[in-house]
Every structure is written in structure tokens, then in C-alpha cells.
Amino acid sequence: MSRKNILAPSILAADFRHLEDEIQAAVSAGAEYLHIDVMDGMFVPSISFGMPVISSIRNATDCFFDVHLMIEDPDRYIEDFAACGADGITVHAEAAKHLHRTIQSIKSRGLKAGVALNPATPLCALDYVLEDIDMVLIMTVNPGFGGQAYIPAMTEKIRSLRERADRLGLDLDIEVDGGIKLSTIRQVLRAGANVCVAGSAVFNEDTGESVRTLLKIMQEEA
Ligand code: DX5
Ligand code: ZN
């Protein structure tokens, strides 16, 4: 099955003083998703931003808003994130008390539903929900901060998940998040990932050029 490779720049690494310009630079260079990392200081140590920021940048672009909720009990906030402009919402299996219900809540609003797994969480956490979701996010670092190093053991985890999805005949997006850059992107694509989050590898002195370089590799590997 050939599926589309998509780059999802994470705005966590952007310069918030110039957020709209940063977004325009990434989108006009060809990025189709914007990855939006919401952190609550409970599920992960850090706090990032929430609904007001997302509503505000919704006016800046039509691109797909890929909202990654690193928050406890995300069920409480699905309605709010849908209302502020999310196109897809990903929740952590470790943080959702009633994961199945949360997935249904996301889908009932017409949004793409994703489930994220921390590096130490086994793939069997997806048992009984895999056929209901559009995307699995394999965390390739421990969530909470940008700029961390890729955890090599995750390559095998991506491969096992892609094999399982293929065996079940599922058209599943596999997203990877953390430490994705020029030196790691090929191995995750070859293992079966097709949505690549990149923060620090995209938002830098030349955001447009960084996007084009990563997209070129993603096209070569498709
Ligand atoms: C980590 C976040 C990531 C992070 C990726 O908790 O979910 O999206 O911003 O950043 P880089 O690409 O710098 O590792
Ligand atoms: Zn993320």
C-alpha cells in the first residue's frame, strides 16, 4: 500500500514573537500539517499553550492542524480543541482514562483521531482501538520538550506497528515525533512511518529551506 508522506512542523520550536511569519514560511515551503503540542504541566513537566493561541493562528492558515494533547484526562477538552480549529486530535493512551470513549468523541466531531504512545508503552496498548483510529503517534523521545535525541529502539516499534496494520489491512497513518531531522528521517520512513513531526529541524534561521530539504527526502523515500 503506498501512502502519502507528510511533514508536520511542530510550532513548539517556532519563535513565538513571529509566529504567523514562521507558520507562513513552513506552509509556503510545502508543509501540509502544522503539529501543535499542547502540554499541561501534569502529564508532562512543561506547559506550552492552549486554545487561545490555536484559535488565533487558525486565522493565519488553512493547513491541517494536527493537535497533540499531552494532557491528563483529555476527554475534558475535546470539545474546546475542536472548537478552536483542530483538524485532528491525538491523545495519549497513558493519559486517557476512557480511551475508547475519547476516540469516539473526537470522531463524532468529524475530526481525525490519533493515539500517541510514549517510548516505553507497548503496542498492545492499541489492542481493541486500532481499527477505530486514523493515526498512531509513536513518540520517539519522551514527551515534554523539543530538541531531544531520537531513541533508536523506536525504529523497531514503528516497523512492528506497520506490519500489524498491513496484516489487518488498515490504512493507518503512523506519525513519529521527537528527534526527527536529516540524520534520522530516512530510518523512520523506511520502518513505515509516513507523518513526520519536526520542530528544531524546521524552525531555524531558514525555515523554508529546512522544510524543502526534509520534503525532498520524504518524496525520495515514498
Ligand atoms: C515533544 C513534542 C515534539 C517536539 C519535537 O514533547 O511532542 O513535537 O516539539 O521537537 P523536535 O523535533 O525538536 O525533537
Ligand atoms: Zn508532538
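Let us look at the structure shown here. What you see is a predicted model; the values in this text were computed from it and never measured.

### Description of the overall build of the protein
Now for step 1: Per the secondary structure count, the protein includes seven helices and eight strands.
Now for step 2: Computed over C-alpha atoms, the radius of gyration of the protein comes to 16 Å, within 12% of the 17 Å expected from 2.2 N^0.38 for 222 residues, which places it in the range of a compact globule.
Now for step 3: Projected onto its principal axes, the C-alpha coordinates of the protein cover approximately 45 × 35 × 30 Å.
Now for step 4: Relative to its 222 residues, the protein shows a buried fraction of 55%.
Now for step 5: For the protein, long-range pairs separated by at least 24 residues make up 65% of all intrachain contacts whose partners lie at least 6 apart in sequence.

### Considerations on the coordination of the zinc ion (ligand 2)
Now for step 1: In the first shell of the zinc ion (ligand 2), the protein supplies H35 (NE2), D37 (OD), H68 (ND1) and D177 (OD), at 2.0 to 2.2 Å from the metal.
Now for step 2: Geometry at the zinc ion (ligand 2) is irregular, judged from its six donor atoms and the angles of 61 to 167° they form at the metal.
Now for step 3: In primary sequence terms, the donor set of the zinc ion (ligand 2) follows H-x1-D-x30-H-x108-D. Grouping residues by exposure puts H35 and D37 together as buried.

### Digging into the sheet that holds strand β8 (residues 195-198)
Now for step 1: Overall, parallel pairing links the eight strands, which are arranged β1-β8-β7-β6-β5-β4-β3-β2 in an open sheet. What marks the edges here is a single partner per strand, and that holds for β1 (6-9) and β2 (33-39). On average, each strand axis in the sheet is tilted by 25° relative to the strand beside it, whichever way the strands run.
Now for step 2: Inspection of the sheet shows strand β3 (residues 64-70) paired to strand β4 (residues 88-92) by four bridges, in the parallel sense. When the bridges of β4 are listed, H68 appears paired with T90.
Now for step 3: Against the sheet, helix α4 (residues 99-108) touches β4 and β5 (112-117), its axis set at about 145° to β5.
Now for step 4: Docked against the sheet, helix α7 (residues 207-221) engages β1 and β8, running at close to 150° with respect to β1.

### Topic: the pairing of β2
Now for step 1: Most of β2 sits inside the fold, with seven of its seven residues counted as buried.
Now for step 2: Residues of β2 alternate between two faces, with Y33, H35, D37 and M39 on one and L34, I36 and V38 on the opposite face, all of them buried.
Now for step 3: Pairing of β2 with β3, which is carried by seven bridges, proceeds in the parallel orientation. From the neighbouring strand, L34 faces β3, where its bridge partner is F65.
Now for step 4: Between β2 and its parallel partner β3, the chain crosses via helix α2 (residues 51-58), and the hand of that crossover is right-handed.

### Describing helix α5 (residues 154-167)
Now for step 1: Here α5 spans 20 Å end to end across 14 residues, near enough to the 20 Å set by a 1.5 Å rise per residue.
Now for step 2: Along α5, the residues classified as buried are M154, T155, K157, I158, L161, R162 and A165. The buried residues of α5 occupy an angular sector of 160° when the element is viewed end-on, so they sit on one face.
Now for step 3: Among the structural elements, β5, β6 (135-139), β7 (173-177) and α6 (185-191) are those in contact with the buried residues of α5.
Now for step 4: Downstream of α5 by one or two residues, G169 has phi in the positive range, about 70°.

Criteria and cut-off values
- Residues numbered from 1 in each chain as written.
- Chains lettered and ligands numbered in written order.
- Predicted model: local features only at pLDDT ≥ 70, side-chain atom pairs only at ≥ 80, totals over all residues.
- Heavy atoms only, no water.
- Helix = DSSP H or I, 4+ residues; strand = E, 2+ residues; numbered from the N terminus.
- Rg over C-alpha atoms; globule rule 2.2 N^0.38 Å.
- Buried < 20%, exposed > 50% of the residue type's maximum accessible area, 1.4 Å probe, protein only.
- Contact = heavy atoms within 4.5 Å.
- Donors = N, O, S within 2.8 Å, 3.2 Å for Na, K, Ca; no water.
- Tetrahedral: all angles 85-135°; square planar, octahedral: opposite > 155°, others 65-115°.
- Pairing = 2+ DSSP bridges.
- Axes fitted to C-alpha atoms, helices over the stretch in contact; angles between N-to-C directions.
- Right-handed = clockwise from strand over helix to strand, strands pointing away.
- Expected span 1.5 Å × (residues − 1).
- Arc of directions from axis to C-beta.

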